[in-house]
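# Results of the structural survey
Chain by chain, the residues:
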2 protein chains.
Amino acid sequence: MAEERIWTAGLLIIGDEILSGRTQDRNVAQVGTWLNLQGIRLAEVRMVADRIEAIAEAVNALRSAYDYLFTTGGIGPTHDDISVDGIAAALGREVVVHPQARAILEAFYVDRGGINEARLRMARVPAGADLIENSFSGAPGIHVENIYILAGVPRIAAMMLESLVGKIEGGRPLLSHTLGGWIAESEVATLLAETEKAHPGTQIGSYPFFREGRAGANFVIRSADEAILGECAAALRMGLEALGKDVADGGL
Amino acid sequence: MAEERIWTAGLLIIGDEILSGRTQDRNVAQVGTWLNLQGIRLAEVRMVADRIEAIAEAVNALRSAYDYLFTTGGIGPTHDDISVDGIAAALGREVVVHPQARAILEAFYVDRGGINEARLRMARVPAGADLIENSFSGAPGIHVENIYILAGVPRIAAMMLESLVGKIEGGRPLLSHTLGGWIAESEVATLLAETEKAHPGTQIGSYPFFREGRAGANFVIRSADEAILGECAAALRMGLEALGKDVADGGL
C-alpha cells in the first residue's frame with residue numbers, strides 16, 4: 001500500500017483582544033474540528049497582535065510549512081483591522097478593492113445607511129484573490145494562494161467554513177474513539193504506552209480531569225483507519241478492565 | 001521622561017487535543033490576563049502537537065524573542081507527556097530527576113497507591129531547573145532560564161500562576177476602559193481612528209457582536225497611563241454621543 005498523504009494546515013489567529021485575555025478564543029477548536037472533517041490536520045496555531053510585521057512574519061512561516069493556512073480576525077471596517085495589509089505584505093502583492101466584494105457590500109448596506117469609507121475597507125483584498133461567501137453579514141472572506149482569510153467572530157467564521165466544504169482537498173479524516181473512567185492516569189500509563197506501541201497507526205492521548213473531588217481521565221485513541229482504531233480501542237478496554245477499572249465508552 | 005520598558009512574554013500551548021478541537025483551550029485567556037496584571041504583555045502564542053521537534057523549535061523561537069516564555073501542557077505521567085524532553089532539547093540540557101520533586105511526589109502518593117514509574121516521570125526536569133509549587137495535585141511546575149513550564153489543566157495552571165505572583169519582574173499593567181453600544185462599528189470607524197490618533201499612548205480596539213438580531217460593538221481603550229486612558233475614554237464617549245449614539249460604560 002502506498003504511503004498515504006497527510007494534508008496539513010496552520011492557523012493564524014489575529015487580534016490584541018485574544019492575547020490580552022479579553023476575548024476567549026473559539027476559533028482554534030472550531031477550525032480544528034472542521035479541518036479534521038475535511039481530512040486535514042491542524043498542525044500548528046499562532047496568535048499575534050494587530051501589527052502588520054507580526055502578521056506578515058507568521059503568514060510566511062505558516063503558509064510555507066503547511067498545505068493550507070487559515071487566518072481569523074482583523075478583516076472588519078475599523079483602523080485596527082489590518083489582516084489584509086499584513087497578508088498582502090507577506091505575499092508581495094498590492095492591496096486592491098475587489099469589484100465583486102464592493103458590489104456585495106453596496107447591496108448589503110443599501111438599507112443600512114449606505115456604503116461609506118469604513119465599510120469599503122471590507123472590499124480590500126490582496127491582488128488576485130477571490131472571495132469566500134459570508135451569508136451572515138455581507139463582508140466576504142478571502143482566498144489567495146493557499147491562504148483562507150476568515151472573520152474573527154466565530155459565528156461568521158463558521159458560515160465561511162460552511163461555504164468552503166467540498167472546495168478544499170484533504171485526505172482521510174482522523175477518526176477517534178474515547179474511553180473514560182474514574183482512573184488516575186498515572187496508574188495505567190504503562191498500559192497506554194504499550195497498547196499504542198502494539199497498534200501501529202494509532203495514537204493514544206490521555207486527558208486527566210478533576211471533578212467532584214475525584215481524579216479521572218479520558219483516553220482518546222486516534223487513527224485514520226477504522227479497523228485499526230476499533231482493534232486498539234478494544235485492546236485498551238480489555239487492558240483497563242484487567243486492571244479492575246470500570247470503563248465508559250465515549251468517555252466521561 | 002525615559003522611555004518605559006515594555007516587558008513581553010510568549011506562550012506555548014502543547015497538546016494534540018487542542019489542535020484536534022477536542023479540548024477548548026482556556027490557558028491563552030488565563031495566562032494573558034494574569035500576565036497583564038504582572039505588567040507583562042502576552043505578545044505571541046503558539047500551539048503545537050505532542051512532538052519533541054515541534055516543541056523544541058517553538059521554544060527556541062519564543063524564548064529568544066520575548067522576556068519570558070510560558071508553556072502549558074504535556075507534563076503529566078503518560079507517554080504523550082513530552083514537554084520536558086522538548087524543552088530540554090531546545091536548551092541543550094539533560095533531563096534529570098529533581099530530588100525535591102521526587103520527594104513531593106512520594107509524599108503526595110503515599111496514601112494514593114505509592115510512587116511508580118509513571119508518577120516519577122513528573123519529577124523529570126531540564127538539568128538546573130527549579131520548581132513551581134502546585135498546591136492542587138502535587139506534581140510541580142518547572143522554571144528554567146526564562147521559561148515557566150505549567151500544567152495543561154487550567155485549574156492547576158491557575159494555582160501555579162498564583163504561586164508565581166511577585167516573583168517575576170514586569171512593568172506597569174496595561175489598563176483598559178470599555179465603552180459599548182448598539183452601534184455598527186462601520187458607522188463610527190473614522191471617529192475611532194481619529195480619537196486614537198489624538199491620544200498618543202492609547203490603543204482603541206473595536207469588537208463587534210451580533211445578539212438578538214442586532215449589531216453592536218464594544219470599544220476597548222488601552223493605555224498604561226491612567227490619566228491618558230481617562231481622557232481618551234471621555235473623548236470617545238463625547239464623540240459617540242455627538243453622533244447620536246447611546247453609550248454604555250463598561251461595555252455591552
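What you are looking at is a predicted structure, and each value in this text was computed from that prediction instead of being measured. (Residues numbered from 1 in each chain as written. Chains lettered and ligands numbered in written order. Predicted model: local features only at pLDDT ≥ 70, side-chain atom pairs only at ≥ 80, totals over all residues. Heavy atoms only, no water.)

The two copies are related by a screw operation: chain B maps onto chain A through 180° of rotation and 0.0 Å of translation along the axis, at an RMSD of 0.0 Å. Interpreted geometrically, this transformation is the action of a two-fold axis. Closest approach to the rotation axis among the C-alpha atoms of chain B is made by B:Arg46, whose C-alpha sits 2.2 Å away. A high fraction, 100%, of the interface residues of chain B reappear at the interface in chain A, so the copies pair face to face through one surface. (Least-squares fit on C-alpha atoms with pLDDT ≥ 70 in both. Contact = heavy atoms within 4.5 Å.)

Quick look at the nonpolar core now. Core analysis: the biggest nonpolar cluster contains 105 residues, and A:Met47, A:Phe70, B:Met47 and B:Phe70 have the highest contact counts within it. Once residues within four sequence positions are removed from consideration, A:Phe70 is found in contact with A:Ala9, A:Gly10, A:Leu11, A:Leu12, A:Val31, A:Trp34, A:Leu35, A:Tyr148, A:Leu150, A:Leu161, A:Leu164 and A:Ile168. (Core = buried A, V, L, I, M, F, W, Y, C linked by side-chain atoms within 4.5 Å. Buried < 20%, exposed > 50% of the residue type's maximum accessible area, 1.4 Å probe, protein only.)

The next point concerns unusual backbone geometry. In this structure, A:Glu145 is a non-glycine residue whose phi angle is positive, near 50°. Relative to the assigned elements, A:Glu145 resides in the loop between strand 7 (141-144) and strand 8 (147-150). Of note, B:Glu212 is a non-glycine position whose phi angle comes to about 50°, a positive value. Inspection of the secondary structure puts B:Glu212 in the loop between strand 10 (203-211) and strand 11 (214-223). The exposure class assigned to B:Glu212 is exposed, which follows from its relative accessible area of 68%. (Helix = DSSP H or I, 4+ residues; strand = E, 2+ residues; numbered from the N terminus.)

Attention shifts here to the sheet that holds strand 3 (residues 68-72) of chain B. If you trace the 12 strands from one edge of the open sheet to the other, you get 6(A)-7(A)-8(A)-3(A)-1(A)-2(A)-2(B)-1(B)-3(B)-8(B)-7(B)-6(B), paired in mixed fashion. Only two strands of the sheet have a single partner each, and these edge strands are strand 6 (130-132) of chain A together with strand 6 (130-132) of chain B. Taking the axes of each pair of neighbouring strands and ignoring which way they run, one obtains an average angle of 20° across the sheet. Note that strand 3 (residues 68-72) of chain A and strand 8 of chain A share four bridges and pair parallel. For A:Leu69, the partnering residue across the bridge sits in strand 8 of chain A and is A:Ile147. Lying on the sheet, helix 3 (residues 52-65) of chain B is in contact with strand 1 (7-14), strand 2 (40-48), strand 3 and strand 8 (147-150) of chain B; it crosses strand 2 of chain B at an angle near 165°. (Pairing = 2+ DSSP bridges. Axes fitted to C-alpha atoms, helices over the stretch in contact; angles between N-to-C directions.)

The subject of this paragraph is the side chain of A:Asn134. Residue and element names in this part refer to chain A. Following the sequence through the fold, asparagine 134 ends up in the loop between strand 6 and strand 7. Only 2.8 Å separates the side chain of asparagine 134 from the backbone nitrogen of phenylalanine 136, close enough to count as a polar contact. Among all residues touching asparagine 134, those that are not within four sequence positions of it are Ala139, Pro140, Ile156 and Met160. (Polar contact = N/O pair within 3.5 Å; in protein donor to acceptor, adjacent residues only side chain to side chain.)

Contacts between chain B and chain A engage 54 residues on the former and 54 residues on the latter. If you look at where chain B meets chain A, you find zero salt bridges. Counting across the interface, chain B meets chain A through 17 residue pairs in polar contact (both at pLDDT 80 or more). Contributing elements (two or more residues each) for the side of chain B that touches chain A: helix 1 (16-19), helix 2 (27-37), strand 2, helix 6 (117-120), helix 7 (154-164), helix 8 (189-198), strand 10 and strand 11 of chain B. (Salt bridge = Lys/Arg side-chain N within 4 Å of Asp/Glu carboxyl O.)

This part covers the confidence of the model for chain A. Keep in mind that low pLDDT regions are not for reading the predicted coordinates in detail. Averaged over every residue, the pLDDT of chain A is 95; the share at 70 or more is 99%. Model confidence for the complex: the whole-complex pTM is 0.93, and ipTM, which rates the interface, is 0.92. (pLDDT = per-residue confidence, 0-100.)

The next thing to look at is helix 2 (residues 27-37) of chain A. Among the 11 residues of helix 2 of chain A, eight are classified as buried, and the element is accordingly described as predominantly covered. The set of residues buried in helix 2 of chain A consists of A:Asn27, A:Val28, A:Ala29, A:Val31, A:Gly32, A:Trp34, A:Leu35 and A:Asn36. Check the buried side of helix 2 of chain A and you find it contacts strand 1 (7-14), strand 2 (40-48), strand 3 and helix 7 (154-164) of chain A together with helix 1 and strand 2 of chain B. One or two steps after helix 2 of chain A, the chain reaches A:Gly39, where phi turns positive at roughly 80°.

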